[in-house]
Amino acid sequence: QGKPVITYFGNLGVGRTDSLIKMAKVLSEIDSTFHIDVYGKARQSDEDLIHQQKNLSYHGFISAEKLQAVIDHSDILLHTESFQPDIAEKLQYAFSTKIAQCLHAGRCLLSYIPKESASAQYLLKEECAVVATNEIELKEAWKLLLFDSQKRTEYAEAAREIGEKNHDAEITSKHVRTSIESAISKANS
């Protein structure tokens, strides 16, 4: 079995590029032969920063169909948020929709995010991803996932289970409908 395929896809704005570069630098410190494939639209200044990092391979924006094939071929999916104080503060109340997409894909998810963020709290509670909230944890997370295919498989299975349980479109729409009907019922009582 070869090296795991590591993929980042999605929004590269809102300070995420800096965090992605940090992920790549820590990865390179462990083993410089690993690389991260990056898919998404970036501002030119962010794209330039990505190209400067040797172990980031920037592919730009691709269609949803091609992205699904990339995800299906990936061993580790990455999620990250900004650690800049003004942005990180807002993450306490924000949840990345990308997390649901990653979990539903049934791939091992590594998330490098501020500890106080709603996303970190959710992933830690559900135990369905490897969460790193600082550089030390990030280094340990990389070491865990890069060389232990069994751990990657365990996290992928946990991700799929939580994705189906909490993020299935049909289940979610029923839950939203029930919540709305309940609210309307209470308002009319």
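> Help me get a handle on the pattern of salt bridges, residues and values and all.
Evaluation of the coordinates by the stated rule reveals 7 salt bridges. Between Glu 81 and Arg 16 there is a salt bridge; the shortest N-O distance is 3.1 Å. Here Glu 81 is found in the loop between β4 (76-80) and α4 (85-88), whereas its partner Arg 16 is found in helix α1 (residues 16-30), with 65 residues between them in sequence. A relative accessible area of 14% places Arg 16 in the buried class. Residue Lys 125 is joined to Glu 126 by a salt bridge in which the shortest nitrogen-to-oxygen separation is 3.3 Å.

> Explain the sheet that holds strand β1 (residues 6-9) residue by residue, including any values.
Taken in spatial order, the 6 strands make up an open sheet running β3-β2-β1-β4-β5-β6, and their pairing is parallel. One side of each edge strand has no neighbouring strand; the edge strands of this open sheet are β3 (56-60) and β6 (130-132). Mean inter-strand twist for the sheet, computed between neighbouring axes without regard to direction, equals 25°. Pairing of β1 with β4 involves 3 bridges; the strand directions are parallel. The residue of β4 that forms the bridge with Thr 7 is Leu 77. Sitting on the sheet, α1 is in contact with β1, β2 (36-39), β3, β4 and β5 (108-112), with an inclination near 135° to β4.

> Break down helix α6 (residues 118-126) for me, with residues and values.
When α6 is considered as a whole, its buried residues turn out to be Ser 119, Ala 120, Tyr 122, Leu 123 and Glu 126. Each buried residue of α6 lies within a common arc of 165° when the element is viewed along its axis, so the set occupies one face. Directly beyond the C-terminal end of α6, a positive phi value near 50° is found at Glu 127.

> Would you mind going over α1 in detail, with residue names and values included?
For α1, built from 15 residues, the straight-helix expectation of 21 Å at 1.5 Å per residue is met to within 8% by its first-to-last C-alpha distance of 22 Å. For α1, the set of buried residues is Arg 16, Thr 17, Ser 19, Leu 20, Ile 21, Met 23, Ala 24, Val 26 and Leu 27.

> Residues and numbers for the packing of α1 against helix α7 (residues 135-146), please.
Relative orientation of the contacting elements α1 and α7 amounts to 55°, with a least axis distance of 10 Å. By the angle between their directions, the pair α1 and α7 is classed as oblique. Of the two elements, α1 crosses α7, and the hand of that crossing is right-handed. Residues Lys 22, Met 23, Val 26, Leu 27, Glu 29 and Ile 30 of α1 lie in contact with α7, whose contacting residues are Glu 135, Leu 138, Lys 139, Trp 142, Lys 143 and Leu 146. Looking at side-chain class alone, the contact of α1 with α7 contains 7 nonpolar, no polar and 5 charged residues.

> An account of the nonpolar core is needed here, citing residue identities and associated values.
Counting 28 residues, the largest nonpolar core has Ile 6, Ile 36, Leu 78, Leu 110 and Trp 142 as its most contacted members. When residues in this core are grouped by element, the largest group, 6 residues, is from α1. In contact with Leu 110, other than residues within four places in its own chain, are Met 23, Ile 76, Leu 77, Leu 78, His 79, Val 130, Leu 138, Ala 141, Trp 142 and Leu 145. Listed in part, the 21 residues of the second largest apolar core include Ile 62, Cys 102, Val 131 and Ala 159.

What counts as what
Throughout, a residue's number is its position along its own chain's written sequence, starting from 1. Residue-level local features of this predicted model are given only where pLDDT is at least 70; pairs of side-chain atoms are given and counted only at 80 or more, and the full residue set underlies all totals for whole chains, interfaces and linings. The basis for every side-chain value is the complete set of non-hydrogen atoms in the structure, without hydrogens or water. We define a salt bridge as a contact between a side-chain nitrogen of Lys or Arg and a carboxyl oxygen of Asp or Glu at a distance within 4 Å. Runs of E in the DSSP output that reach at least two residues are strands. Runs of H or I that reach at least four are helices, and both are numbered from the N terminus. Each residue's exposure class comes from its accessible area (1.4 Å probe, protein chains only) as a fraction of the maximum for that residue type: buried when under 20%, exposed when over 50%, partly exposed otherwise. When DSSP finds at least two bridges between two strands, those strands are taken to pair. Structural elements are reduced to axes, namely lines fitted to C-alpha atoms, with helices fitted over the stretch in contact, and the angle between N-to-C directions of any two is expressed from 0 to 180 degrees. Should any heavy atoms of two residues lie within 4.5 Å, those residues are considered in contact. Each C-beta atom gives one direction from the helix axis, and the arc is the one those directions make. For a helix, the expected span equals 1.5 Å multiplied by the residue count minus one. In these notes the angle categories are as follows: under 35 degrees is roughly parallel, over 145 is roughly antiparallel, 65 to 115 is roughly perpendicular, and the rest is oblique. Handedness of each helix crossing follows the sense of rotation of the near helix against the far helix: counterclockwise by less than a right angle gives left-handed, clockwise gives right-handed. Residue polarity is assigned by list, with Asp, Glu, Lys and Arg as charged and Ala, Val, Leu, Ile, Met, Phe, Trp, Tyr, Cys and Pro as nonpolar; anything else, Gly included, falls into the polar class. Buried residues of nine kinds, namely Ala, Val, Leu, Ile, Met, Phe, Trp, Tyr and Cys, make up a nonpolar core once their side-chain atoms join them within 4.5 Å.

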